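# Secondary and tertiary structure notes
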Amino acid sequence: MRTLSVFVQVSKTLNLTLVAEQLGLPKSTVSKEISRLESHLKAKLLDRSTRRVELTEVGAIAYERALQLVEDFKALQHDVLVMEQQVQGLLKVSAPPALGEFLSQKVLPPFLKRWPKITVSLNLTYDFEDLFAQGIDLAFRVGEIQDDRLISRKLGHSTRVLVANPEYLAVHGAPQLPEELAGHNCLRFQFNPGESEWTLTSANSTINLSVSGNFFCANIQALKNATLNGLGIAQLPINNIVEELAGGQLVKVLPEWHVPPMNIHAVYRTGLNKPKKLAALLDFLNEEKGLFEWSV
C-alpha cells in the first residue's frame, strides 16, 4: 500500500522532492517505489527528467485507480479502528454442554443486556476445539489446561454430587455407605457400554467404586431427566440442579461425598490483540466470578 500511496502523492504534486519531504522518506526511496510499481504493472507511469515530472497516458489512468484504492484502504482502516474501539460484533464462544446450559441461563443474558451490540455464537461440545483453526474467541474449559498456546483465567470450580428422585429412594432405600452404590441403579455419564468407575471424596478420604445400571448417556440434561423420573442415582453438576434440589424434586445421596472438584477456566488465544468485545466479556467474567463457585 505504501507504493500506491507514494505514486498517488507524486501524481498529485509531480514533484519527487516535495513528496519525499511530505512522507519523510529519502528521494531515492520515492523514486524506487515508482520504479517498483512500473515494473509490477509493466508500464511507464511517469515521464521523469531533471526539470519536470509528468504523468503518461497510462499513468493518468493508473492514478485514478490508485487514488480510489488508497481512499478505500483508508476507509477500511477507519472502520476497523472504530470497530475495535466499540464493544460490538460477533463473539464466538465454546463450552461443554452442561456448562453451556448454565452460561445461557446465568451468564450470557446479563452480559448481552449490558452490551447489546455484541452477538454471541455459543457452540456446545465436549471436544477441546482448536481456537486458532476455528476462530473461536473464548472457550470455557473444565479441568486442566494442556495447550500452552492459550491464555487461561481461572473462574472457579465445579463438582458433581450424587442425587436421586425421592420416589426412587422410597422404593430402593438410600445408601448409607459409598460401597452400597453397587446395589443401586447408577445412571452414568459415559459414551460406551460397560461398568463405570466413580471417584468420590469426603472431608477425610477418597474412594474409587465400580458402578453399573440400565441407563447411560453422554448428555447431562438427558441424565438429569432420567434421574428426575426416578430411574436411579446419578452424578450431576451441582450448578445444573440448584432449582431441583431447592424444590425437592431431587435430593442428595451420601451428602458428605462428592466428585473431586474441577477448575473452570476461560481460555483464549495467545498473540491475540484482544478486541473490545472479548475484553468486555473477560471483564464481565472477572466481575461475576462468584457465579462459578458452587458449594456441595
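Reading the values: the criteria
Residues numbered from 1 in each chain as written. Predicted model: local features only at pLDDT ≥ 70, side-chain atom pairs only at ≥ 80, totals over all residues. Heavy atoms only, no water. Phe/Tyr/Trp six-rings, centres within 6.5 Å; stacked < 30°, edge-to-face > 60°. Helix = DSSP H or I, 4+ residues; strand = E, 2+ residues; numbered from the N terminus. Buried < 20%, exposed > 50% of the residue type's maximum accessible area, 1.4 Å probe, protein only.

With that out of the way, let us pick up the packing of aromatic side chains. Counted by the stated rule, this structure contains 6 aromatic pairs. Ring centres of Phe102 and Phe292 lie 5.8 Å apart, and the angle between their planes is 75°; this geometry places the pair in the edge-to-face category. Within this pair, whereas Phe102 is found in helix H5 (residues 97-114), its partner Phe292 is found in the segment after helix H10 (276-287), the two being separated by 190 residues in sequence. In terms of burial, Phe102 and Phe292 fall into one category: buried. For the pair Phe189 and Phe191, a centre-to-centre distance of 6.2 Å together with 75° between the ring planes defines the contact as edge-to-face. The exposure class assigned to Phe189 is partly exposed, which follows from its relative accessible area of 24%. A relative accessible area of 58% means that Phe191 is categorised as exposed. By the ring-pair criterion, three or more aromatic residues cluster together here, those being Phe102, Phe140 and Phe292.

Once that is clear, we can look at the environment of Phe73. Position of Phe73 relative to the elements: it lies in helix H4 (residues 57-85). Distance from Phe73 to Ala62, taken between C-alpha atoms, is 16 Å for residues 11 residues apart in sequence.

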